[in-house]
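Take a look at the letters that make up each chain.
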Amino acid sequence: MFSNRTFRKALLMLMSFLVVTWIIFIISQNTTKFWSDLKVPISLHHGNTTTKSSHPKTRLSPLKSPTETELRIKGIMEKLDQLIPPRPFTHLNTTTSATQSRVIIFNPQDTYCIGDQLDILVEMRDHLGHRKEYGGDFLRARISSSGLKAGASGKVTDFHNGTYLVSFTLFWEGQVSLSLLLIHPSEGVSALWRARNQGYDRIIFQGKFVNGTSHVFRECGLTLNSSAELCEYLDTRYQEAFYCARPQHMLCEALTHMTTRNRDISYLTIKEKSLFHRSNVGVEMIKQLKHINVSRCNKSEKTKEKCQVGMKIPVPGGYTLKGSWITTFCKQIQLNTSHINGCLKGKLIYLLGDSTLRQWIYYLPKVVKTLKFFDLHGTGIFKEHLLLDAEKHIQIQWKKHSHPFITYQLYSVIDENYIPRIIDQISGDKNTAIVITLGQHFRPFPIDVFIRRVINIQKAIERLLLRSPDTKVILKMENIREMHIDTERFGDFHGYIQYLIMKDIFNVLNVGVIDAWDMTVAYGTNNVHPPDQVIQNQINLFFNYICENLYIENP
């Protein structure tokens with residue numbers, strides 16, 4: 001009995017061994033075919049970006065990032081969906097009306113004092129006069145005195161029941177005008193949010209492929225719904241991908257330039273589009289008490305610390321008076337030419353972003369006369385720009401952020417890098433400063449594209465500050481733009497959501513912030529490219545962040 005059982009056990013073990021051996025043999029015979037089917041990527045312009053050719057049968061989705069990043073994106077998206085719930089409406093009359101809504105000033109006075117807070121209660125009603133029972137309207141609050149070239153934004157608190165508290169801090173003496181604009185009703189906000197996240201195809205990217213003396217253009221994008229063979233341009237570390245239809249008889253590496261144009265497409269219904277007619281955007285809500293009087297009242301100003309990176313920015317973070325920006329959270333120094341020259345000596349400064357930051361590199365030679373442009377032999381206005389002062393060892397360069405970048409003008413994508421990758425290539429030290437801005441070019445795309453990029457930048461900055469804690473990193477928030485621009489594609493509601501995301505993600509980093517959103521609301525510029533006066537004040541705050549031992553106080 002014992003010997004038979006032992007024999008059967010041995011026979012079973014032998015059969016199992018033969019089965020395993022057969023499986024291993026089959027796998028080894030198919031290994032070559034398996035890896036060839038994967039089409040292992042070929043290295044492109046630099047070691048961390050790859051390209052490969054493929055034949056997609058379905059719409060491509062952005063490649064999966066590490067689990068932590070995906071979970072963070074999902075969490076932020078869920079919060080935003082809660083913040084902006086669906087608000088369907090049957091008729092324009094049931095949406096928020098600036099005319100029918102009520103604005104009440106708490107404890108009105110004949111004269112206020114500098115430093116006082118003026119609070120306004122807003123009760124939203126629809127066009128039929130019925131009270132609204134939910135919030136979500138996109139409002140913009142501002143005080144101003146045109147004769148003093150003064151302005152400041154207000155803080156809006158949404159109670160999510162149709163009522164809002166608008167708070168203004170009174171910063172200067174004189175007659176002050178009050179403004180509260182209904183940019184979009186909550187129903188319009190909901191429609192814009194749904195439409196934004198529905199598709200990637202509002203912008204057409206055209207990639208230029210070159211082979212000797214011949215060239216062709218092919219459609220490109222963050223995703224492509226195409227049965228054609230595609231070139232995939234992938235940053236392997238950050239899982240940022242871009243695609244182009246591959247031309248016949250050309251390599252994917254032959255892509256040299258890009259241009260874009262708007263696609264004639266909309267995800268808004270005809271009824272929703274009526275909410276964004278010019279007469280319905282940016283409607284004034286304060287109709288009666290438009291002015292108040294403010295006196296000095298002999299109030300003493302609080303002592304503030306010198307501006308430095310890592311400071312938390314309140315709302316508002318400053319105000320403009322006589323055209324100059326005055327911060328509320330730190331002691332800002334008005335610099336003269338000699339102090340700027342001394343500060344910049346030996347500095348290496350990177351300006352990474354869009355054309356609102358390119359304005360800086362055009363303005364800086366007006367401030368520092370010894371800075372001269374060095375020709376890097378690029379083409380177009382979006383080429384890399386470099387300013388040098390060899391004697392003082394000053395180097396300042398501007399580079400555009402990578403895809404998506406929207407312009408009718410042809411721009412080079414050779415040696416293209418995403419901002420996180422550029423940061424990874426910077427060693428950093430006490431004389432290195434980096435300014436980052438992005439937002440305007442992301443507005444036409446689903447919000448996850450922007451969130452992913454910002455998270456990747458945050459991670460790159462964290463690594464930079466670990467290896468070089470003395471490096472100064474400054475974030476310039478995106479600014480407001482034209483009120484009546486193509487709202488679905490480029491409207492300020494999209495920018496405001498991105499502004500909130502930037503503030504949330506970078507909240508714990510030891511970086512400086514130039515709140516261009518707050519600043520351009522205060523100046524009332526409504527221009528994607530703010531005037532030189534605003535640029536000058538942004539640069540002055542930047543100098544305050546990076547310059548040590550400044551002793552000239554504000555007048």
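Our structure is the block above this text.
How each quantity is defined
Residues numbered from 1 in each chain as written. Predicted model: local features only at pLDDT ≥ 70, side-chain atom pairs only at ≥ 80, totals over all residues. Heavy atoms only, no water. Disulfide = S-S within 2.5 Å. Helix = DSSP H or I, 4+ residues; strand = E, 2+ residues; numbered from the N terminus. Buried < 20%, exposed > 50% of the residue type's maximum accessible area, 1.4 Å probe, protein only. Expected span 1.5 Å × (residues − 1). Axes fitted to C-alpha atoms, helices over the stretch in contact; angles between N-to-C directions. Parallel < 35°, antiparallel > 145°, perpendicular 65-115°, else oblique. Left-handed = near helix turned anticlockwise from the far one by under 90°. Contact = heavy atoms within 4.5 Å. Nonpolar A, V, L, I, M, F, W, Y, C, P; charged D, E, K, R; others polar. Pairing = 2+ DSSP bridges.

Undergrad: Even after reading the chapter, I still don't get the state of the cysteines, so can you show me in this structure?
TA: What is meant by a disulfide is a covalent connection between two cysteines, made through their sulfur atoms. On inspection of all chains with the given rule, the structure shows five disulfides. Bridging Cys231 to Cys252, the disulfide has an S-S length of 2.1 Å. In this structure, the disulfide formed by Cys231 and Cys252 twists by about -85° around the S-S bond and is classed as left-handed. Here Cys231 is found in strand 13 (residues 230-235), whereas its partner Cys252 is found in the loop between strand 14 (240-245) and strand 15 (255-262), with 21 residues between them in sequence. One exposure class covers both Cys231 and Cys252, and it is buried. Two residues share a disulfide in this structure: Cys307 and Cys330, whose sulfurs sit 1.9 Å from each other. Handedness of the Cys307-Cys330 disulfide follows from its S-S torsion of about 75°: it is right-handed. Of this pair, Cys307 sits in the loop between strand 17 (291-295) and strand 18 (318-321) while Cys330 sits in the loop between strand 19 (324-327) and helix 5 (337-344), and the two are 23 residues apart along the sequence. Given the relative accessible area of 0%, Cys330 is considered buried.

Undergrad: Looking at this structure, I do not really get helix 10 (residues 492-505). What am I missing?
TA: Because the α-helix completes a turn every 3.6 residues, residues three or four places apart line up on one side. Counted at 1.5 Å a residue, the expected span for helix 10 with its 14 residues is 20 Å, and the 20 Å between its end C-alpha atoms agrees. Turning to helix 10, its buried residues number three or more, namely Asp492, Phe493, His494, Gly495, Ile497, Gln498, Tyr499, Ile501, Met502 and Ile505.

Undergrad: Help me understand the environment of Val508, please; the structure alone is not making it clear to me.
TA: By the secondary structure assignment, Val508 is in the loop between helix 10 and strand 27 (512-514). Given the relative accessible area of 68%, Val508 is considered exposed. Along the backbone, Val508 and Lys312 are 196 residues apart, and their C-alpha atoms lie at a distance of 9.3 Å.

Undergrad: Got a minute to help me understand the packing of helix 2 (residues 67-83) against helix 10 in this structure?
TA: The angle between the axes and the distance between the axes are what describe a pair of packed helices. Running from amino to carboxyl end, helix 2 crosses helix 10 at an angle of 130°, the nearest separation of the two axes being 12 Å. Relative to helix 10, the element helix 2 is oriented oblique. When you trace helix 2 past helix 10, the crossing you get is right-handed. On helix 10, the residues that touch Arg72, Ile76 and Leu80 of helix 2 are Ile497, Ile501 and Ile505. Residue composition of the contact of helix 2 with helix 10, grouped by class: five nonpolar, no polar and one charged.

Undergrad: Explain the sheet that holds strand 23 (residues 394-400) to me, please; I cannot follow it from the model alone.
TA: Read from one edge of the open sheet, seven strands run 21-22-23-20-25-26-27, paired in mixed fashion. This sheet does not close on itself; its edge strands, each paired only once, are strand 21 (372-373) and strand 27. Here strand 20 (residues 348-353) pairs with strand 23 via six bridges, running parallel. In the strand pairing of strand 23, Ile349 is matched with Ile396. Strands in contact with helix 8 (residues 447-467) are strand 25 (432-436) and strand 26 (472-476); relative to strand 26, the strand with the most contacts, it is inclined by about 160°.

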